[in-house]
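Residue strings, one per chain:
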Amino acid sequence: MRRARRTLAATVTLAVACTTLTGCFEEPSPHDAVRDFLVGWQTEDYDLAAGRTDGDVATVRKALADAKLELDAASFRFKITSISMTGEESKADFHAEVDLGENNPLWQYESVLPLHLVDGSWKVRWSPSVLHPQLKEGQRFAVDTEPKPRQPVVDRDNDPLQSDTVLYVAGVYPNRLGDRAEEVVAQLSEVTGYAQDRLLSRVRSSPPDKFVQLVTFGRSRYQSMQAKLSAIDGIEVQPQKQPVDPDAPRQIVGSVSALTPETEQKLGGPQRAGDSVGRNGLQQAYQNYLTGSTATKVITLDLKTGRQVAELKAWPGRQNVSVKTTIDRAMQAAAEQAVADTETSALVAVQRDTGEILAVSTKNLHQERDALAGKFPAGTAFSIVAADALLKKGVSAKQKLACPQERTVGGARFVHAGQSTGVTTSATFQENFAKGCVTALASLARRVTADDLARSAKAFGVGLPWRLPLKSFSGALPELSSDADKARAIAGQNVEMSPLSMALVGAAVGSGTWRPPVLVTEPRSPDPSDEAKPIVQPAPVPMDPKVRTTLMAMMRSGAAGTPAQAGKGRVYGVRASAGNQQGWFVGWQGDVAIAVLTKNYDPAAVAGSFFAGLRTSP
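Residues numbered from 1 in each chain as written. Predicted model: local features only at pLDDT ≥ 70, side-chain atom pairs only at ≥ 80, totals over all residues. Heavy atoms only, no water.

*Asks:* How do you make sense of the overall build of the protein chain when you look at a structure like this?
*Replies:* Helices and strands together make up the secondary structure of the protein chain, namely 21 helices and 26 strands. By residue count, 54% of the 618 residues in the protein chain fall in the buried class. Within the protein chain, contacts between residues separated by at least 24 positions form 68% of all contacts whose residues are at least 6 apart in sequence. With an accessible surface of roughly 26700 Å², the protein chain has 48% of that area assigned to carbon and sulfur atoms. (Helix = DSSP H or I, 4+ residues; strand = E, 2+ residues; numbered from the N terminus. Buried < 20%, exposed > 50% of the residue type's maximum accessible area, 1.4 Å probe, protein only. Contact = heavy atoms within 4.5 Å. Areas by Shrake-Rupley, 256 points an atom, 1.4 Å probe, with all protein chains shown as cover.)

Structure, rendered in structure tokens:
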């Protein structure tokens, strides 16, 4: 569609220019000859164009057709800028734009048509320089491209988060094919499914002594097609190492495949045959950065030697760059080990003072869809947020609260399930918070308003529009219209959170300020276009210092005596139930905050295993 629009616009431009010029000259005017030649060239009516020259019609027709093939041009368009006439000689200046296709930039240049009268008719004085001022006899156009190897996704220390894998690139040396180029390409097209005309145009537009990459295969697909490729005389296969095999966190880093006919058509892109394509994760999100865009040169070649004569235009392409993440390899390894013995779990670790994501590990859950973007019942882990609202309303951490097995608040029934909490009827708010007594927590619903809870939720990032280059979920608190709704919210029964959003809650208490998450530090945006606007994240939200001091004490109590208190560093947190055999641990040790979600497994034990795997925190 893009090419069609260019051609239509070009025709209109030329027509308008010619109409304007028609009134400028009396007959015999060179105007008609200029118009017919350029319109014929532009619309591929080469007989019309050739008939307006003094050259051999067949020679001119072939030269114009060859120029399109040699440039692999999607279209030409021209604009007459001036026509001058001196006796029987004339000169027409024109501006040319050549769409080189494959999303290369437009090649634009200025040129001149020399004309003279032949038997009373104006004719273009034919020579190859009519096509371009620097094209001479015995020369041809060519497009020389330099594909760039894929760059890696790296961790916070700039070490690659993937290993090299061998891809297999099938291609040709044009000068070794002779007049068999069309035959060889047809066979390759039949075997691979790539469009024959696109493959052939790449071969014909390339320097004849240069290997032209046509199709890329992964190991398994290459092995299945190796015999068919070997049977095509003229096709050569070159192995290339590219950083495409992801290390942990594999689903965050993402997988890569070789370009296929389907992905080439879908992407449009700067991708060409020979490229690899990110299928998911950061590899997909930052595809255009990791591959960049192909460096391209328009050159002239000597037809006898095949050597370059002149460079007419060069585009360096967009430099491909690594994508730098905040992942810490040692912490990722500790997270992988921590979830290894669980049946179903997710662990997200963030840097307490920055919100940078340090590790994402799961067992039978997806690292992006579940750990970053999952919508799970918050359970009593949300009491951290609720406690912020309650403490601001004057509820004391020392207030005595009963923890019965059942309680009804505003018509909503709450049941403390599981083993005995060990909390007496005269236990404090802090003790009930630490042990996750849902009936005690729900009893505080009338001490806060719906707005109080909503403000605290927002202050901890719940529902805020923070963005990552991958899917993520900041949490959701519904509208609270009754005491029952408030009680459910304090108990986390009508609140949804992701492990990432919960980890940020822990980090907020640990640091004193809620901050949005960060996964990639360079580049700043997945979109490399000049028009791309930088992502604006929500501003950090500082906690009330007094409230934070109390919450830290409550969360210190929450972690004490649990398996989370492993290793030598002091752990703060809360172990919580979310129903359906799901449990949370949310807290921090040193400058690392985490959220652990498990099913049928103690989340505090996972947290303890993770912290034990780290160096001792201050």
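*Asks:* Which parts of the structure should I look at to understand the pattern of salt bridges?
*Replies:* Side chains bearing opposite charge may pair, as long as their charged atoms lie close to each other. Inspection of the entire model under this criterion finds 29 salt bridges. As a salt-bridge pair, Glu89 and Arg125 come within 2.9 Å of each other at their nearest N and O atoms. Here Glu89, found in strand β2 (residues 89-99), pairs with Arg125, found in the loop between β4 (121-124) and β5 (139-146); they are 36 residues apart in sequence, far enough to count as distant. When its relative accessible area of 41% is taken as the criterion, Glu89 is described as partly exposed. Under the relative-accessibility criterion, Arg125 is labelled partly exposed at 33%. Counted as one network, the salt bridges with shared partners bring together Asp32, Arg35, Asp36 and Arg52. (Salt bridge = Lys/Arg side-chain N within 4 Å of Asp/Glu carboxyl O.)

*Asks:* It is not clear to me how the sheet that holds strand β24 (residues 571-579) should be interpreted in this structure. Could you clarify?
*Replies:* Backbone hydrogen bonds hold the strands of a sheet together, and the pairing may be parallel or antiparallel. In space, the five strands of this open sheet follow the order β16-β15-β26-β25-β24, with antiparallel pairing throughout. Among the strands making up the open sheet, the edge pair consists of β16 (357-363) and β24. Shown here is a sheet whose adjacent strand axes are inclined to one another by a mean of 10°, direction ignored. Bridge count for strand β25 (residues 582-589) against strand β26 (residues 592-599) is eight bridges, and the pairing is antiparallel. In the strand pairing of β26, Trp584 is matched with Leu597. The strands touched by helix α21 (residues 603-612) within the sheet are β15 (344-351), β24, β25 and β26, with β26 carrying the most contacts at an inclination of about 140°. (Pairing = 2+ DSSP bridges. Axes fitted to C-alpha atoms, helices over the stretch in contact; angles between N-to-C directions.)

*Asks:* Can you help me understand the side chain of Lys486 in this one?
*Replies:* Secondary-structure assignment places Lys486 in helix α18 (residues 483-490). Of note is the side chain of Lys486, whose polar atom sits 2.8 Å from the backbone oxygen of Val448. Within the structure, Lys486 has its side chain in polar contact with the side chain of Asp483 (distance 3.1 Å). Residues contacting Lys486, with those up to four places away along its chain left out, are Ala445, Arg446, Val448, Thr449, Ala450, Leu453 and Leu480. (Polar contact = N/O pair within 3.5 Å; in protein donor to acceptor, adjacent residues only side chain to side chain.)

*Asks:* Hey, could you run me through α21 in this one?
*Replies:* Most of α21 is tucked away, with seven of its ten residues classed as buried. The set of residues buried in α21 consists of Pro603, Ala604, Val606, Ala607, Gly608, Phe610 and Phe611. Each element contacted by the buried residues of α21 is listed here: α12 (329-339), β15, β24, β25 and β26. With a side-chain oxygen lying 2.9 Å from the backbone nitrogen of Ala604, the N-terminal cap of α21 falls on Asp602.

*Asks:* Help me understand the packing of helix α4 (residues 57-71) against helix α6 (residues 196-205), please; the structure alone is not making it clear to me.
*Replies:* Angle between the axes and distance between the axes are the two parameters that describe a pair of packed helices. Put simply, α4 and α6 touch, their axes get as near as 6 Å, and they point 100° apart. The angle between α4 and α6 places the two elements in the roughly perpendicular class. Contact residues: Leu69, Glu70 and Leu71 in α4; Ser201, Arg204 and Ser205 in α6. Within the contact of α4 with α6, the residues separate by chemical class into two nonpolar, two polar and two charged. (Parallel < 35°, antiparallel > 145°, perpendicular 65-115°, else oblique. Nonpolar A, V, L, I, M, F, W, Y, C, P; charged D, E, K, R; others polar.)

*Asks:* How should I be thinking about the sheet that holds strand β8 (residues 212-217) in this particular structure?
*Replies:* Taken in spatial order, the three strands make up an open sheet running β8-β7-β9, and their pairing is antiparallel. Strands at the two margins of the open sheet, each flanked by one partner only, are β8 and β9 (236-246). If you compare each strand with its neighbour and ignore which way they point, the axes differ by 40° on average. Relative to β8, α6 is tilted by about 140°, and along the sheet it contacts β7 (162-172) and β8.

*Asks:* Would you mind showing me how to read the packing of aromatic side chains here?
*Replies:* One pair of aromatic rings is described through two measures. These are the centre distance and the angle between the planes. All told, the structure shown has 13 aromatic pairs when counted by the stated rule. Residues Tyr286 and Tyr289 carry aromatic rings whose centres are separated by 6.2 Å and whose planes lie at 40° to one another, so their mutual orientation is tilted. Since its relative accessible area comes to 2%, Tyr286 is described here as buried. Residue Tyr289 is classed as buried on the basis of its relative accessible area, which comes to 14%. Here the aromatic cluster, defined as three or more aromatic residues joined through ring pairs, consists of Phe37, Trp41, Phe76, Phe78 and Phe94. The ring of Tyr173 carries the charged tip of Arg176 above its face, separated from the ring centre by 3.9 Å. (Phe/Tyr/Trp six-rings, centres within 6.5 Å; stacked < 30°, edge-to-face > 60°. Lys NZ or Arg CZ within 6 Å of the ring centre and 35° of its normal.)

*Asks:* Even after reading the chapter, I still don't get the pairing of strand β12 (residues 295-302), so can you show me in this structure?
*Replies:* Each regular strand displays side chains that alternate between the two surfaces of the sheet. Extensive coverage of β12 is indicated by the burial of six of its eight residues. In this structure, β5 lies alongside β12, joined through eight bridges in antiparallel fashion. Following the sheet pairing, Gln139 is matched in β12 by Asp302. As defined by bridge partners, β12 adjoins strand β13 (residues 308-315) across six bridges and the pair is classed as antiparallel. In the sheet register, Ile299 faces β13, and the bridge partner there is Glu311.

*Asks:* Is there a simple way to explain the packing of helix α5 (residues 181-192) against helix α7 (residues 219-230) in this structure?
*Replies:* The N-to-C vectors of α5 and α7 enclose an angle of 145°; their axes lie 11 Å apart at closest approach. Where α5 crosses over α7, the two elements pack in a sense that is right-handed. When α5 is examined against α7, the residues Leu188, Val191 and Thr192 are found in contact with a partner set consisting of Arg221, Met225, Lys228 and Leu229. Split into classes, the residues belonging to the contact of α5 with α7 amount to four nonpolar, one polar and two charged. (Left-handed = near helix turned anticlockwise from the far one by under 90°.)

*Asks:* Can you walk me through the environment of Asn432 in this structure?
*Replies:* On the secondary structure map, Asn432 appears in helix α15 (residues 429-435). Taking the C-alpha atoms as reference points, Asn432 and Lys400, separated by 32 residues in sequence, lie 9.2 Å from one another.

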